[in-house]
Amino acid sequence: MNQSSAEQRTSPARAADSMESAARERVIRLAGFDQDGIADGPGLRCVVFVQGCPHHCPGCQNPQTWAWEGGAETTPSELRDRIFSTVLDTGVTFSGGEPFEQADALADLAQMLRPRYDVASYSGYTFEGLLKLSEKRPGVMRLLRSIDILVDGPFVQARADRLLLFRGSGNQRILDVPASLAAGSAVWTKDPAWVGEDGSARVAGAAFE
Amino acid sequence: MVTEILKRDGRLDSYDESKIVRAVERAMRDSGRSDFSSAATLGVKVSDELSAVSKDGRASVDEVQKAVETALVKAGYEDVAKSFRLFRADRTRTREKNSALMHTFDEITTRDARDSDLKRDNANVDGDTAMGTMLQYGATAAKEYNEKFLLRPEQAKAYREGDIHIHDFDFYALTMTCCQIDLIKLFHGGFSTGHGFLREPNDIRSYAALACIAIQSNQNDQHGGQSIAQFDRGLAPGVAKTFAKRYRTDLAEALSLLAPDGAAVPDADRMKAVFATAEARSGEKPLLGGSPAFDAALRADILAAAPELPEAALDKALAYARKTAEKETDEATYQAMEALIHNLNTMHSRAGAQTPFSSINYGTDTSPEGRMVVRNLLLTTEKGLGHGETPIFPIQIFRVKDGVNYNPGDPNYDLFQLSCRVSAKRLFPNFSFVDAPYNIQYYKPGHPETEVSYMGCRTRVLANVHDPDRAISTGRGNLSFTSINLPRLAIEAHGNEAKFFAGLDAMMDLVAQQLMDRFEIQARRKVKNFPFLMGQGVWLDSDKLHWNDEVREVIKHGTLTMGFIGLAETLVALYGHHHGESDEMQQKGLAIIRRMREYCDALSAKTKLNWTLIATPAEGLSGRFIRMDKKRYGIIPGVTDHEYYTNSFHIPVYYKIGAMEKIRKEAPYHALTNAGHITYVELDGDMARNVKAFEAVIRAMHDAGIGYGSVNHPVDRDPVCGYNGVIGEVCPKCGRRESDELIKFERIRRITGYLVGTLDRFNDAKRAEEHDRVKHGLGGSGSAGA
Ligand code: SF4
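Note that the coordinates shown come from a computational prediction; the quantities given were computed from them, not determined experimentally. (Residues numbered from 1 in each chain as written. Chains lettered and ligands numbered in written order. Predicted model: local features only at pLDDT ≥ 70, side-chain atom pairs only at ≥ 80, totals over all residues. Heavy atoms only, no water.)

S.K.: Before we move on, can you summarise helix α6 (residues 138-145) of chain A with the specific residues and values?
M.R.: Listed as buried for α6(A) are Gly139(A), Val140(A), Met141(A), Leu143(A) and Leu144(A). Those residues of α6(A) that are buried are in contact with β4 (91-95), α4 (103-113), α5 (127-136), β6 (149-152) and α7 (177-183) of chain A. (Buried < 20%, exposed > 50% of the residue type's maximum accessible area, 1.4 Å probe, protein only. Helix = DSSP H or I, 4+ residues; strand = E, 2+ residues; numbered from the N terminus. Contact = heavy atoms within 4.5 Å.)

S.K.: Mind laying out the sheet that holds strand β14 (residues 610-615) of chain B, listing which residues take part and the relevant values?
M.R.: All names here are of chain B. Taken together, the four strands give an open sheet; going across it, the order is β4-β12-β13-β14, and neighbouring strands pair in mixed fashion. Because the sheet does not close on itself, it has two edges, and the strands there are β4 (164-166) and β14. Geometrically, the sheet is characterised by an average inter-axis angle of 25° between neighbouring strands, direction not taken into account. Note that strand β12 (residues 478-485) and strand β13 (residues 559-565) share seven bridges and pair parallel. Along β13, the bridge assignment pairs asparagine 485 with isoleucine 565. Where helix α18 (residues 497-523) meets the sheet, its contacts fall on β4, β12, β13 and β14, and the angle it forms with β12 comes to roughly 155°. (Pairing = 2+ DSSP bridges. Axes fitted to C-alpha atoms, helices over the stretch in contact; angles between N-to-C directions.)

S.K.: How would you explain the pairing of strand β11 (residues 430-433) of chain B if you had to name every residue and give the values?
M.R.: All names here are of chain B. Taking every second residue as pointing to the same face, both faces of β11 are buried, with Asn430 and Ser432 on one and Phe431 and Phe433 on the other. Bridge analysis of strand β10 (residues 395-400) against β11 gives four bridges, and the strand direction is parallel. Following the sheet pairing, isoleucine 397 is matched in β11 by asparagine 430. The parallel pair β10 and β11 is bridged by helix α15 (residues 413-426), and the resulting crossover is right-handed. Bridge analysis of β11 against strand β16 (residues 708-712) gives two bridges, and the strand direction is antiparallel. Paired with serine 432 across the two strands is tyrosine 708, which belongs to β16. (Right-handed = clockwise from strand over helix to strand, strands pointing away.)

S.K.: Account for the packing of aromatic side chains, with residues named and values stated.
M.R.: Residue and element names in this part refer to chain B. By the definition in use, this model includes 23 aromatic pairs over all chains. A centroid spacing of 5.0 Å and a plane angle of 25° characterise the contact between tyrosine 145 and phenylalanine 149, whose relative ring orientation is stacked. On the criterion of helical spacing, the pair formed by tyrosine 145 and phenylalanine 149 is a turn pair, its members being four residues apart in helix α6 (residues 130-149). What makes tyrosine 145 partly exposed here is its relative accessible area of 41%. Among the residues examined, phenylalanine 149 registers a relative accessible area of 61% and is labelled exposed. Taken together, a centroid distance of 6.0 Å and an interplanar angle of 55° make the contact between tyrosine 406 and phenylalanine 416 tilted. In this pair, tyrosine 406 sits in the loop between β10 and α15 while phenylalanine 416 sits in helix α15, placing the two residues 10 residues apart along the sequence. The burial state of tyrosine 406 is the same as that of phenylalanine 416; both residues are buried. In this structure, arginine 322 packs its charged tip against the face of tyrosine 247, placed 5.1 Å from the ring centre. (Phe/Tyr/Trp six-rings, centres within 6.5 Å; stacked < 30°, edge-to-face > 60°. Lys NZ or Arg CZ within 6 Å of the ring centre and 35° of its normal.)

S.K.: Can you explain the side chain of Asp716(B)? Please cite residues and give values.
M.R.: All names here are of chain B. On the secondary structure map, aspartate 716 appears in strand β17 (residues 715-717). Engagement of the side chain of aspartate 716 in a polar contact is seen with the backbone nitrogen of isoleucine 727, the distance being 2.9 Å. Setting aside its immediate chain neighbours within four residues, aspartate 716 contacts Tyr723, Asn724, Gly725, Val726, Ile727, Glu746, Arg747 and Arg749. (Polar contact = N/O pair within 3.5 Å; in protein donor to acceptor, adjacent residues only side chain to side chain.)

S.K.: An account of the domain arrangement of chain B is requested, with residue identities and associated values reported.
M.R.: By domain assignment, chain B separates into domain 1 (4-93), domain 2 (150-177 + 476-647) and domain 3 (240-327). Centre-to-centre, using C-alpha coordinates, domain 1 of chain B lies 95 Å away from domain 3 of chain B. (Domains from an automatic or database assignment.)

S.K.: So what's going on with helix α17 (residues 486-493) of chain B? Which residues, and what values?
M.R.: Residues and elements named next belong to chain B. With seven of eight residues buried, α17 is to be regarded as a mostly interior element. Inspection of α17 places Leu486, Pro487, Arg488, Leu489, Ala490, Ile491 and Ala493 among the buried residues, and these make up the whole buried set. A side-chain oxygen of the first residue of α17 lies 3.2 Å from the backbone nitrogen of arginine 488; this N-cap is asparagine 485. Where α17 ends, the next residue or the one after it, histidine 494, has phi of about 50°, a positive value.

Okay, here's the thing in structure tokens:
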């Protein structure tokens, strides 16, 4: 019973994603796209908002991205071209919705972008959850291997805190993905651009009196 | 029999037939007649006529006039009747004009600044205070006078009807716009403010205090902003003086502690003389970074004066004294900078109603003293005023220069990075770029006065056709400027490009004449009319003049400037799109602005005066032009359908465009607008959390050839808990909701280059513009709850 309801919550986009033949490009179901973003990671970034999310966290800022339908279809190479045309942006963030529901297509995109851009992804899954998921879905591991930073875990309203850097709630972590994969467990990034000069991943004392 | 006359204001006056006779005589003279004897006859006829109609012996002014006209016509003097009518009409107009002036005074007196656009015209004056109101009476009356007496009819018409805008019109006959103050020159040997003589300052605290006084004093002589061209170099000697003093006293103290018993060492008084000798012998002064000849001389002198003192003890004392003095000097400099910012935000000029518009340029002095000034200025700016509020003044301008502060390894690169961090939190400093081709062209290494300086709002003065050897920033400024309503010329051209350019040329002819007329008025002013600016030699070459001399020759160092507003709406009116929308329109836009620049250059070549083109900062004006044009032409989509015309060559704030694209589109206009320009990039979100993004934008500006630029981003503050950052409805720190309590969040925004604390003092058009701003590139707000 539980299993089947969880199944129902699974993305048709993901199903299409993995069935895609190598000859045809994979499809990304897109909820929105921004350039010159400053709120979803350090530097100026493009933000790819994907459509569809299974988590339904209470207090989610983008509930319009939950539905599996809606949004617009695009391809990794189309998005790549949009990102390349921005000139100023040095990073790309996958957001949503749940990026890992469209892991294969986003992995394709991330591979087109690196190393010119640093690539980060949000996820409502935890790193550990993603590792487990990757046993069934190879695309999840492909995407993990293609990104630099993962901000993981669902939004938990009770732990919401607006003084956090690039995160919504205190349970979320900013992980160095290559290091985490190498260690086999979650490793926080040390990059001060992500976690602040003091490493607290919160707004430093200097930002207010 | 008529005995009394009822005047328009309700008063009664006695009837006087001779007044009627005189009026008729004047009308006869006006129509070229000289048979004045009949005037007397007519006077009698009028009296009779009035007696016949009046029942109570009274006649109204209108009745009298009517009777005179009838009598004239009956006597066959049609032409005289006509000139009598004209004369009366003229009197009526004058009377109406007077009462219009009085109505304006009434608005100034009784209406709250919040409801009156007139009173909020200048966001920096508190229109509700007594002094602010008095200023506005003066400005209103002065404008009336200037229009009636000083403008030619065609100029008055163009100004009144909104073809052009004459900036600072209330000061039309009185003074020039602004000046870049050279502090080093001013402080040398001390100066007088007109209220007393101030001797050359002796430590960093008095240097900073006098810098404020210089700004305040000059603000009373000019109507525009006041700027210090080389703030770091100007105050560096103050740091050196403070250091020398501390070093001396710390050394005396250290010696007295470290010297072995019985060894006589110079005490504090004696040390003064020792320092003076060492300075005289070495020709150097004690400096933060050390000065080899002085340091050697000092060491030798002390050993000579204290033969029993072991060298090791002396070296220990010297090292200790230097380190301690450095630290004390740093603290003193911080306090001086803190005081300076407080001062500039609270002091008043102009009868106490206005905080001086102050700007300071800095960033390229690599001396340890200059660096200490800038670092502490930035740190105190970052900290904010007493309760952490964002300082509104001065406008700070960090001057970026390759090889000096732009790249890792450059001596002041740390200060550039600190500037980015501070601006990401406080909106200042802005950034000016010496490396832009049209700025570097004048740059001579070793001559800081050739580095471009900007007046906070954007004004720039550098080239000098009057005196090409002195293409410098200091001691010069803008004389006056007038802006052209470009969109109206475009609307009137009905899509006909040739017609537009013909109209533009004619308008520039008119403006050139008007600026020349104003120059002539300004040129006749005397040194004594500018006791500080000219009397103290702040303006270039004014030190060569006497108290009663005309300023004509020296003000030729200044600029005569044309400006423009609404290039975007102009392009839409002419071609259907603006320059943000296509490269083709960009070319069209550049063609228009190039035409204006070439016109100015040609005039400069011809007259040997500095004619320049400015990208007008549009406060007040942006709403004035469009209101008039809406009335004239109705709502034209993309042209008159907003509350304001777009600022100069900017891409409209309501048009969504990437940051780089905006920079790339606006940069070529910087090269053309040699009297000043600024580009803003709007970013949404808390910039202080992402300084890397901020720096990326500034670097993009530098590399694209922008001359002067800044990033606009929201800066909010909760006065209750002191949180500074972006605040929505709820304070992120204390969770307070704005609607729950009386105390509102403070929201700092930038308006025409100046910061304004709340939106109250914005005039309506600027408020609408603030509201319409599209943050470049950003729409959504992150996910995973972030
Ligand atoms: S994972 Fe993100 S998008 Fe999905 S519900 Fe949670 S907060 Fe919303």
